Amino acid sequence: MSTIIVHVEHTGGTARRASLEALGAARSVSDSVVAVIAGEGCEAAGATLGKHGASKVVALPAAGKSPDGLAKDVAKVVGDEGGKAFLCAATAQGRDLAPRVAALLGSTLFSDCTGLTAAGDSYTIQRPWLAGKLTATLESSAPVLCATLRRNTFGVVEDGGDAQVITADATTDFTTFIKEISAKSGAALDVSEAPVVISGGRGLGEPENFKILEDLAAAFGNAAVGASRAVVDAGWRPHGEQVGQTGKTVSPQLYIAVGISGAIQHVAGMKTSKVIVAINKDADAPIFKLADYGLVGDAFEIVPALT
Amino acid sequence: MNIIACVKRVPTTDIQPKVAADGTSLDPAGVKYMLSFYDDIAVEQGVQLKEAHGGEVTVLTLGPADSAKELRECLAKGADKAVILKDDAWTSRDAFATAQALSSAIGGMDAQIVLCGRVATDRDNAAVGPMVATLLGWSCVTDVIELKFDGTKGTAKRESEAGIETLEFTAPAVITCQKGLAEPRYAGLKGIMAAKKKPVDEVDVSPAAPQATVKQLELPPARPAGRIVGEGAAAVDALVDALRNEAKVL
Ligand SMILES: Cc1cc2nc3c(=O)[nH]c(=O)nc-3n(C[C@H](O)[C@H](O)[C@H](O)COP(=O)(O)OP(=O)(O)OC[C@H]3O[C@@H](n4cnc5c(N)ncnc54)[C@H](O)[C@@H]3O)c2cc1C
Ligand SMILES: Nc1ncnc2c1ncn2[C@@H]1O[C@H](COP(=O)(O)O)[C@@H](O)[C@H]1O
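Residues numbered from 1 in each chain as written. Chains lettered and ligands numbered in written order. Predicted model: local features only at pLDDT ≥ 70, side-chain atom pairs only at ≥ 80, totals over all residues. Heavy atoms only, no water.

It is worth spelling out the packing of aromatic side chains at this point. Within this structure, the stated rule accounts for four aromatic pairs over all chains. Across the ring face of Tyr33(B), the terminal group of Arg9(B) is positioned such that the distance to the ring centre comes to 4.6 Å. Across from the ring centre of Trp129(A), 3.9 Å away, lies the NZ or CZ of Arg123(B), which sits over that ring. (Phe/Tyr/Trp six-rings, centres within 6.5 Å; stacked < 30°, edge-to-face > 60°. Lys NZ or Arg CZ within 6 Å of the ring centre and 35° of its normal.)

Right, let's talk about the confidence of the model for chain B for a bit. Summarising the model, chain B shows a mean pLDDT of 96, and 100% of its residues fall at 70 or more. Across the interface, the model reports ipTM at 0.96; the global pTM reads 0.95. (pLDDT = per-residue confidence, 0-100.)

Residues and elements named next belong to chain B. Taken together, 17 residues lie around ligand 2, and Cys6, Asp39, Ala120, Ala127 and Val128 are the ones closest in. The contact in question runs from an oxygen atom of ligand 2 to an N or O atom on the backbone of Ala127, over 2.7 Å. Within the complex, the protein chains bury 98% of what would otherwise be the 480 Å² of accessible surface of ligand 2. For the shell around ligand 2, the secondary structure elements donating two or more residues are strand E4 (56-63), helix H3 (95-107) and strand E6 (113-117). Examining the composition of the shell around ligand 2, we find that three residues originate from one element, E4, more than from any other. The residue inventory of the shell around ligand 2, partitioned by class, reads eleven nonpolar, four polar and two charged. (Near = heavy atom within 4 Å. Polar contact = N/O pair within 3.5 Å; in protein donor to acceptor, adjacent residues only side chain to side chain. Areas by Shrake-Rupley, 256 points an atom, 1.4 Å probe, with all protein chains shown as cover. Helix = DSSP H or I, 4+ residues; strand = E, 2+ residues; numbered from the N terminus. Nonpolar A, V, L, I, M, F, W, Y, C, P; charged D, E, K, R; others polar.)

It is worth spelling out the sheet that holds strand E17 (residues 275-280) of chain A at this point. Spatially, six strands are ordered E15(A)-E14(A)-E16(A)-E17(A)-E18(A)-E13(B) in an open sheet, and the strand pairing comes out parallel. Looking at strand neighbours, the two that pair on one side only are strand E15 (223-227) of chain A together with strand E13 (227-231) of chain B, the edges of this open sheet. Going across the sheet, the axis of each strand differs from the next one's by a mean of 20°, ignoring polarity. As paired elements, strand E14 (residues 196-200) of chain A and strand E16 (residues 254-258) of chain A share five bridges and run parallel to each other. Its bridge partner being in E16(A), Val197(A) is matched across the sheet by Tyr255(A). Lying on the sheet, helix H9 (residues 299-306) of chain A is in contact with E16, E17 and strand E18 (293-296) of chain A; it crosses E17(A) at an angle near 135°. (Pairing = 2+ DSSP bridges. Axes fitted to C-alpha atoms, helices over the stretch in contact; angles between N-to-C directions. Contact = heavy atoms within 4.5 Å.)

The subject of this paragraph is the interface of chain A and chain B. Taken together, the contacts link 84 residues of chain A with 76 residues of chain B. Both sides of the chain A and chain B interface together cover about 6600 Å² of buried area, and 57% of this is carbon and sulfur. The interface formed by chain A and chain B contains six salt bridges. The partner of Glu139(A) in a salt bridge is Lys215(B), and the shortest N-O contact between them spans 3.8 Å. Remark: the boundary between chain A and chain B carries 46 residue pairs in polar contact (both at pLDDT 80 or more). In terms of residue count, the dominant contributor to the side of chain A that touches chain B is helix H4 (residues 92-104) of chain A (nine residues). In terms of residue class, the side of chain A that touches chain B is built from 36 nonpolar, 27 polar and 21 charged. In this sheet, E13(B) lies alongside E18(A) in parallel orientation, the contact comprising four bridges. What sits directly across from Tyr293(A), in E13(B), is Arg227(B). (Buried area = accessible area lost by both parts, 1.4 Å probe. Salt bridge = Lys/Arg side-chain N within 4 Å of Asp/Glu carboxyl O.)

This next bit is on the environment of Pro17(B). Considering the arrangement of structural elements, one finds Pro17(B) in the loop between strand E2 (9-11) and strand E3 (33-35). With relative accessibility at 9%, the residue Pro17(B) sits in the buried group. Here the alpha-carbon distance between Pro17(B) and Val249(B), two residues 232 residues apart in the chain, equals 32 Å. In this view, Pro17(B) contacts Leu130(A), Lys133(A), Leu134(A), Leu26(B) and Leu219(B); residues no more than four positions away in its chain are not counted. (Buried < 20%, exposed > 50% of the residue type's maximum accessible area, 1.4 Å probe, protein only.)

All names here are of chain A. Around ligand 1 lies a shell of 26 residues, among which Ser228, Thr246, Ser261, Gln265 and Asn280 are the nearest. Contact distances for ligand 1 include 2.8 Å between a nitrogen atom and a backbone N or O atom of Val243. Across the complex, the protein chains shield 79% of the 990 Å² of accessible surface that ligand 1 would expose by itself. If you list the elements that add at least two residues to the shell around ligand 1, you get helix H6 (229-233), helix H7 (264-267) and H9.

In this section: the layout of surface pockets. Over the atoms rolls a probe the size of a water molecule, and in doing so it shows where empty space is left. Of the pockets and cavities examined, the second largest pocket occupies roughly 840 Å³. Forming the walls of the second largest pocket are 37 residues, and the residues nearest its centre are Arg229(A), Ala230(A), Asp233(A), Phe37(B) and Lys179(B). At the level of elements, H6 and H7 of chain A together with E3 and helix H1 (37-53) of chain B are the ones that each hand at least two residues to the lining of the second largest pocket. Of the residues forming the lining of the second largest pocket, the biggest block, four residues, is contributed by H6(A). Here the residues of the lining of the second largest pocket are counted per class, giving twelve nonpolar, 16 polar and nine charged. (1 Å grid on protein atoms, 1.4 Å probe; cavity = no way out; pocket = protein on both sides within 12 Å on 5 of 7 lines; lining within 4 Å. Points joined across faces, edges and corners; volume = space filled by probe spheres on them.)

The next point concerns helix H6 (residues 236-246) of chain B. Residues of H6(B) that are buried: Val236(B), Leu239(B), Ala242(B) and Leu243(B). Looking straight down H6(B), one finds its buried side chains confined to an arc of 125°; they lie on one side. Taken together, the buried residues of H6(B) touch E16, E17, E18 and H9 of chain A together with E13 of chain B. Directly beyond the C-terminal end of H6(B), a positive phi value near 55° is found at Lys248(B). (Arc of directions from axis to C-beta.)

Our next topic: the sheet that holds strand E10 (residues 134-140) of chain A. As summarised here, the arrangement of the four strands in space is E8(A)-E9(A)-E10(A)-E12(B), forming an open sheet in which the pairing is antiparallel. Across the chains shown, the open sheet's two edge strands, defined by having one partner strand only, are strand E8 (115-119) of chain A together with strand E12 (212-218) of chain B. Averaged over neighbouring strand pairs, the angle between their axes works out to 20° when direction is ignored. In this structure, E10(A) lies alongside E12(B), joined through six bridges in antiparallel fashion. Paired with Thr135(A) across the strands is Glu218(B), a residue of E12(B).

Here it is, written out as structure tokens:
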């Protein structure tokens, strides 16, 4: 059975769910899964990873201050452990790390994968092309299969065993380093992570009116506010909230589109949501073709009633 | 300052793609092309660096000779020269082979900074920029929303799940451009006319064979048809009921 290396992210000692999904994906194709976890507090988070499918954990407490340094450290673990595959979550950090690791390993990268199967050392991957308008099934002949995995797609293992945690050194040979991380202003939940996303478009009329969406998000408790490009370009909402082909791809349990027409570039970023609700005053808006549940009418009547 | 912007032609974002008869490739009939959205930002950022510090912006692509059309657009917006690494099999090139071909060309160009798009809106790899940097052993910051660079060192901001990260780096560096970094300008008539006189060089290359074979390309399954629950605030109860009891997401 070939060994798979998984990079696991954590916040203050708690492993990120998206990374646990990557561990789960690795475990579904191999019994030999080595988790690599870096940065302050990583030993504590690392100790919990056996339960989620890791058979061994390599902790790099001194790594993570530099993206190129981290890539070298992780690539070294892949080499040392004889890894035949390297996986991580398709998060901002994972998507930064994976191509660097892949290049160090002389391998190409399969980004944002939605399917992974193995027959011995040979891997078959599924991933979206053209923002999900097509699904490609690909066979890898890379020296090491390197892939980032789409969130909310692979299951988390909860009944794994114990994993030995070993600690390794980090390289000091790097040219880029993270000087500071400041908390984002506004909503704590990122649209790409929230289980519920409530997005607003030009139909909201003016920026102040997003208040009704923020109130609805607060009522859910686990919701983030998203936006169409039209309102981001107009400066009503920050870039980080844009959903779509040139924004973020989201796949929440519930996506509520308010005053959004459903342009093809917007739809590309949210059509894999589990349940889609559309609120729009135009019964012919294209978004209704996609929505599981549509409400025709004025957002300013419907959204407060829903809250 | 020698500045390189890596750019790629991609299908337009409004494409309704069809799979070719072979079942493994995009049907080229009716496909229109554009400069990838983020590459426009990379070119703009390059031109702004040139305007602030002097120097020259070269746009570089690995692709078909036809890419000259997209490159001329970049020249019209202020880039100084263009290079096509001619690859007729460009649509089957994977991220690693692309990065290898680009990095060996870049290695000989004495650049201080290479600007790439965050992601090309065709295969959505978001890989070529950091791969180029890694192969060259250069600094790299991805998804950059704010950049300061003086030719020898720089500071860049990016957004991640952790927050807004500020990174410091030394030249030479590869920066991948996120929306918000720079607002692409329109090419004026003067720019369009000037672009006609700027050089577009073609270089023959033979990139490595891809490490990925497409077994199947298909349209994703259509979502099951939905329904209109009702009109106005009166329908809110029916919606909540459907979300709770039918979809079971509440
Ligand atoms: C290269 C490229 C990339 C793009 N990338 C993206 C992307 O990533 N994300 C994205 O979103 N777009 C993207 N777009 C833009 C996209 O084509 C659309 O222009 C945009 O999504 C429209 O935003 P909207 O739905 O908010 O506005 P509109 O299309 O103007 O729709 C507004 C809707 O609000 C409804 N409405 C009005 N008043 C009310 C009311 N009181 N109550 C309820 N409903 C109301 C209207 O009926 C209408 O359907 C891209 C375009 C291009 C060319
Ligand atoms: N064939 C290519 N020629 C030039 N630049 C490219 C090419 N492919 C990718 N790039 C650059 O790398 C970025 C990311 O592409 P990708 O990794 O394919 O998503 C693009 O926005 C370009 O800046």
